[in-house]
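# Remarks on the overall topology
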Amino acid sequence: MRKKIVAGNWKMNLNKLEAQVLFRAIDASPKPENIELIIFPVSVHLGKLADVSSTIALGVQNFYPEEKGAFTGELSVTQAKDSGAEYALIGHSERRSIFGEDAELLRSKVDAAIEHGLVPVFCCGEPLELREIGEQDDYVKAQLIDSLFHLDKDQILKCIIAYEPVWAIGTGITATSDQAEEMHAAIRQWLEEKYGRAVADIVPILYGGSCNPSNAGELFACPNVDGGLIGGASLDAISFMTIAGSF
Ligand code: PGA
C-alpha cells in the first residue's frame, strides 16, 4: 500500500504566534490513522515548531542547494535539515514563475535534498494555456524528465510527486477528479516506463490546487491520488484536519 500524505503549504503567511497556535491546534486534533501529515511553514518558524509535535513532520518551502557559503539571503540544504525539516518543496509553480527557478536549478535542488536526507516533494503542473490546447501531458512529463527522472531507482523511491495544475493554485478552481486521476495515472505510467512497476507502485503522487474540505473526498478517492498538497485551506486547523480525514 502506498503512503497517504496530506501536506500544508503555508506559503508566506502567519506571524510566529499565529504559526504556533495553528500548529498546536493541528497537533491537538484527532489524527486519522495511517495518514502522514507534513507542514511547510516559513523557514524562520521551523525551529519554533520543531519541538512541538512528534506526529507532524516539517518541511521547507525552499532552500539553496549548497551546504554553505557566500549566498546572501539563502537557506542552505544543511541548515534546512538542521532546523528540523524532513521534507522540501521543489519546483512549486510560484518558485518557477515568480523567482525564475529553471529546470537545471530544480534538478540540483533534487540532488542536494537526496544527498542530505531531505525528502523532495517535487511539484509539477501545467499552465492554463497548455491545458486549453491539450498539451498538459507533454509539459508535465518534460518537467519530470528535466529535473527528477535522472535519479536512480533507490533515489526516486525517496521522493514524493505533487501534481499542481497552475490554473488551480489559489484560484478556487479545482481540477475535477477525472482530470486529476488522468494526470496522476499518466505520471504513474511514466514512472513505470522509467523505473518499473514495483517502483511506480510506491511513489506517492499528491494533488494540489484549491483542494478543500468539500472536494478532498472525491479527489482522494481516485486510485492514483495519494493525498494532497494544501495551500489556502491548510491555514485553518479544522479545514486542514477535515481534508486529512477525507480518505
Ligand atoms: P492552494 O495552493 O491550495 O491555495 O490552491 C496549493 C499549493 O500551492 O501548494
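To keep things clear, this report deals only with the structure shown in the data block. Not measured: the values here are computed from a predicted model.

Each value, and the rule that gives it
- Residues numbered from 1 in each chain as written.
- Predicted model: local features only at pLDDT ≥ 70, side-chain atom pairs only at ≥ 80, totals over all residues.
- Heavy atoms only, no water.
- 1 Å grid on protein atoms, 1.4 Å probe; cavity = no way out; pocket = protein on both sides within 12 Å on 5 of 7 lines; lining within 4 Å.
- Points joined across faces, edges and corners; volume = space filled by probe spheres on them.
- Nonpolar A, V, L, I, M, F, W, Y, C, P; charged D, E, K, R; others polar.
- Helix = DSSP H or I, 4+ residues; strand = E, 2+ residues; numbered from the N terminus.
- Buried < 20%, exposed > 50% of the residue type's maximum accessible area, 1.4 Å probe, protein only.
- Contact = heavy atoms within 4.5 Å.
- Pairing = 2+ DSSP bridges.
- Axes fitted to C-alpha atoms, helices over the stretch in contact; angles between N-to-C directions.
- Parallel < 35°, antiparallel > 145°, perpendicular 65-115°, else oblique.
- Left-handed = near helix turned anticlockwise from the far one by under 90°.

### Considerations on the layout of surface pockets
The calculated volume of the largest pocket comes to roughly 510 Å³. Residue lining of the largest pocket: 17 residues in total, with Met12, Gln61, Asn62, Arg95 and Phe99 positioned closest to the centre. As a volume, the second largest pocket reaches approximately 180 Å³. Around the second largest pocket, the lining comprises 17 residues; the ones closest to its centre are Lys11, Gly170, Ser210, Gly231 and Gly232. For the lining of the second largest pocket, a count of residues per class yields six nonpolar, nine polar and two charged.

### Let's talk about the side chain of Ser210
Note that Ser210 resides in the loop between strand 7 (205–208) and helix 11 (216–220). Among the residues examined, Ser210 registers a relative accessible area of 17% and is labelled buried. Apart from the residues within four sequence positions on either side, Ser210 is in contact with Ala168, Gly170, Thr171, Gly172, Ile173, Thr174 and Asn215.

### Let's talk about the environment of Glu192
Assignment of secondary structure puts Glu192 in helix 9 (residues 177–195). Judged by relative accessible area, Glu192 falls into the partly exposed class, the value being 29%. Other than its neighbours up to four places away in sequence, Glu192 contacts Arg197 and Ala200.

### Some remarks on the pairing of strand 2 (residues 35–40)
Looking down a regular strand, the side chains alternate between one sheet face and the other. Burial within strand 2 is extensive, with six of its six residues counted as buried. In strand 2, alternate side chains face the same way, and those of Ile35, Leu37 and Ile39 on one face and Glu36, Ile38 and Phe40 on the other are all buried. Where strand 1 (residues 4–9) meets strand 2, six bridges bridge the pair, whose relative direction is parallel. The residue bridging Asn9 from the neighbouring strand is Phe40, located in strand 2. Judged from the three bridges that link them, strand 2 and strand 3 (residues 56–60) form a sheet pairing that is parallel. Directly across from Leu37, in strand 3, lies its bridge partner Ile56.

### Observations concerning the pairing of strand 5 (residues 119–124)
Burial of strand 5 is extensive: five of the six residues sit out of reach of the surface. With four bridges connecting them, strand 5 and strand 6 (residues 160–163) associate as parallel partners. Residue pairing across strands places Phe122 opposite Ile161, the latter belonging to strand 6.

### Focus: empty space enclosed by the protein
According to the stated counting rule, one finds one cavity of 30 Å³ or more in the structure shown. Roughly 30 Å³ of internal volume is contained in the largest cavity. Lining the largest cavity, in full, are Arg131, Gln136, Asp137, Gln179, Glu182 and Met183. Going through the elements one at a time, helix 7 (136–147) and helix 9 are the ones with two or more residues in the lining of the largest cavity. Tallying contributions element by element places helix 9 first for the lining of the largest cavity, with three residues. Here the residues of the lining of the largest cavity sort into one nonpolar, two polar and three charged.

### A few points about the packing of helix 1 (residues 16–28) against helix 12 (residues 237–244)
To describe two helices that pack against each other, one gives the angle between their axes and the distance between the axes. One way to put it is that helix 1 packs onto helix 12 with a least axis distance of 9 Å and a crossing angle of 40°. Taken together, helix 1 and helix 12 sit at an angle that is classed as oblique. Note on packing geometry: the crossing formed by helix 1 with helix 12 is right-handed. Residues Leu22, Ala25 and Ile26 of helix 1 form the contact with helix 12, whose participating residues are Ala237, Phe240 and Met241. Residue composition of the contact of helix 1 with helix 12, grouped by class: six nonpolar, no polar and no charged.

### Observations regarding the environment of Thr242
Following the sequence through the fold, Thr242 ends up in helix 12. With 28 residues separating them in the primary sequence, Thr242 and Ser214 have C-alpha atoms 9.1 Å apart.

### A few points about the packing of helix 5 (residues 103–116) against helix 7
Taken N-terminus to C-terminus, the directions of helix 5 and helix 7 make an angle of 55°; their axes are 8 Å apart at the nearest point. Looking at the two axes, helix 5 sits oblique to helix 7. The residues of helix 7 that touch helix 5, namely those facing Ala103, Leu106, Arg107 and Val110, are Ile145, Asp146 and Ser147. For the contact of helix 5 with helix 7, a count of residues per class yields four nonpolar, one polar and two charged.

Read these as spatial facts, not as claims about activity.
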